[in-house]
Amino acid sequence: MKTLYLIPARGGSKGIPHKNIKLLNGKPLIQYSIEIARKLASDKDICVSTDDEEIKSVAERCGLKVPFLRPDYLAGDTATTSDVIVHALDYYAQQGINYDAVVLLQPTSPLRTVQNVKDCLALYTPDLDMVTTVRESSVSAVLCRENELGFLEQVIGKSNVRRQDAEKLYEYNGAVYVINAIAVKEKGLGEFTKIKKCVMPEIISVDIDTMMDWYLIEVIMQNTIQTSRERERVRES
């Protein structure tokens, strides 16, 4: 299976300005995804898709050549992930390179591991539309809406069900997507029906959308580094 590792990085982040190249624990955010991809594929099969010259420059300072800048129609808020994927696939097809699958690695999931990607790839078969990482969700026990009388009512299940007894649900965590190239061209991500899950631990499932997410990941990374150092000191002693 010929696989393209695609890292989408639009320049117009509104929640966290310049998010994709903001330094996280000493590295530009996008560098974490580039490093994961490079542990799984050669540079010729890795593509940073961006509309932004500064993001392009940062990626190339990491040693990865960026083959193109997205056209204007893929630079705005209305551009979909499907559009970005198909554009990249078409670009390589014009170079005579046809991919069977796309591994989408969004920069906003810097805690994902190589093993997470390998686990998704192991689940993928060509008859599927997609394999994606998820985390277990607790919303079935706590998700409510306000009814027409102004009272809260449970959206799923019953309000007196204990959290641990509630129906098991899953949330996309945005970390890894293994996508069928033919399916995304023919249907787009929104029409996928044959999707398999790969469950990731909650602690590494944080997807950066707000500064609160950013601060949380900084704490997780710093604690991980501290724990590793303490283990190393124990081994040395």
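Provided above is the structure to which this section pertains.
Cut-offs used in this document
Residues numbered from 1 in each chain as written. Predicted model: local features only at pLDDT ≥ 70, side-chain atom pairs only at ≥ 80, totals over all residues. Heavy atoms only, no water. Pairing = 2+ DSSP bridges. Helix = DSSP H or I, 4+ residues; strand = E, 2+ residues; numbered from the N terminus. Buried < 20%, exposed > 50% of the residue type's maximum accessible area, 1.4 Å probe, protein only. Arc of directions from axis to C-beta. Contact = heavy atoms within 4.5 Å. Core = buried A, V, L, I, M, F, W, Y, C linked by side-chain atoms within 4.5 Å. Phe/Tyr/Trp six-rings, centres within 6.5 Å; stacked < 30°, edge-to-face > 60°. Axes fitted to C-alpha atoms, helices over the stretch in contact; angles between N-to-C directions. Polar contact = N/O pair within 3.5 Å; in protein donor to acceptor, adjacent residues only side chain to side chain.

Caption draft 1: Spatial organisation of the pairing of strand S9 (residues 169-180). Relative to S9, strand S5 (residues 101-104) is paired through 4 bridges, and the arrangement is antiparallel. Note on S9: the bridge partner recorded for Leu-104 is Tyr-177. Where strand S6 (residues 130-137) meets S9, 7 bridges bridge the pair, whose relative direction is antiparallel. Each bridged residue has a counterpart across the sheet, and for Val-134 the counterpart in S9 is Tyr-172.

Caption draft 2: Region of interest: helix H4 (residues 114-123). Of all the positions in H4, only Val-114, Asn-116, Val-117 and Cys-120 are classed as buried. The arc that holds every buried residue of H4, seen down its axis, measures 165°, which confines them to one face. Where H4 is buried, its residues meet strand S1 (3-8), helix H1 (29-38), S5, S6, S9 and strand S10 (195-199).

Caption draft 3: Up close: the nonpolar core. Ranked by internal contacts, the top residues of the largest apolar core, which has 43 residues, are Tyr-5, Ile-7, Ile-30, Ile-34, Val-48, Leu-105 and Val-176. Here this core takes 6 residues from H1, the largest share from any one element. Leave out the neighbours within four places in its chain, and Val-176 touches Val-103, Leu-104, Leu-105, Arg-112, Asn-116, Val-117, Cys-120, Val-131, Thr-132 and Thr-133. Of all hydrophobic cores here, the second largest spans 18 residues; its members include Leu-89, Tyr-92, Leu-104 and Ile-179.

Caption draft 4: Structural detail: the packing of aromatic side chains. By the definition in use, this model includes 4 aromatic pairs. Ring geometry for Tyr-91 and Tyr-92: centres 5.1 Å apart, planes at 90°, overall edge-to-face. When its relative accessible area of 6% is taken as the criterion, Tyr-92 is described as buried. Between the aromatic rings of Tyr-92 and Tyr-99, the centroid separation amounts to 5.6 Å while the plane-to-plane angle is 90°, which identifies the pairing as edge-to-face. An identical accessibility class is assigned to Tyr-92 and Tyr-99; each is buried. Within the aromatic cluster, the residues linked to one another by ring pairs are Phe-68, Tyr-91, Tyr-92 and Tyr-99.

Caption draft 5: Just the sheet that holds strand S4 (residues 46-49), in detail. Within the open sheet, the 6 strands sit side by side as S4-S1-S5-S9-S6-S10. Their pairing is mixed. Each edge of the sheet is formed by a strand with only one pairing partner; in this case those strands are S4 and S10. Shown here is a sheet whose adjacent strand axes are inclined to one another by a mean of 35°, direction ignored. Sitting on the sheet, H1 touches S1 and S4, and the angle it makes with S1 is about 175°.

Caption draft 6: Highlighting helix H2 (residues 53-61). When we look at burial in H2, the residues that qualify are Ile-55, Val-58 and Ala-59. Along the long axis of H2, the arc covered by the buried residues comes to 100°, so they all point the same way. Along its buried surface, H2 packs onto strand S3 (27-28), H1 and S4. At the N-terminal end of H2, a side-chain oxygen is found 2.9 Å from the backbone nitrogen of Glu-54, two or three residues along, and the residue is Asp-52.

Caption draft 7: Just unusual backbone geometry, in detail. Notably, His-18 is not glycine yet its phi reads approximately 55°, a positive angle. The class of His-18 is exposed, set by a relative accessible area of 51%. If you check the backbone angles, Asn-25 has positive phi at about 55° while not being a glycine. Structurally, Asn-25 is set in the loop between strand S2 (23-24) and S3. Exposure remark for Asn-25: the relative accessible area of 38% places this residue in the partly exposed category.

Caption draft 8: Inspection of the environment of Ile-97 at higher detail. Considering the arrangement of structural elements, one finds Ile-97 in the loop between helix H3 (81-94) and S5. Note on Ile-97: relative accessible area 27%, which makes it partly exposed. In sequence terms Ile-97 and Lys-2 are 95 residues apart; their C-alpha atoms lie 9.3 Å from each other.

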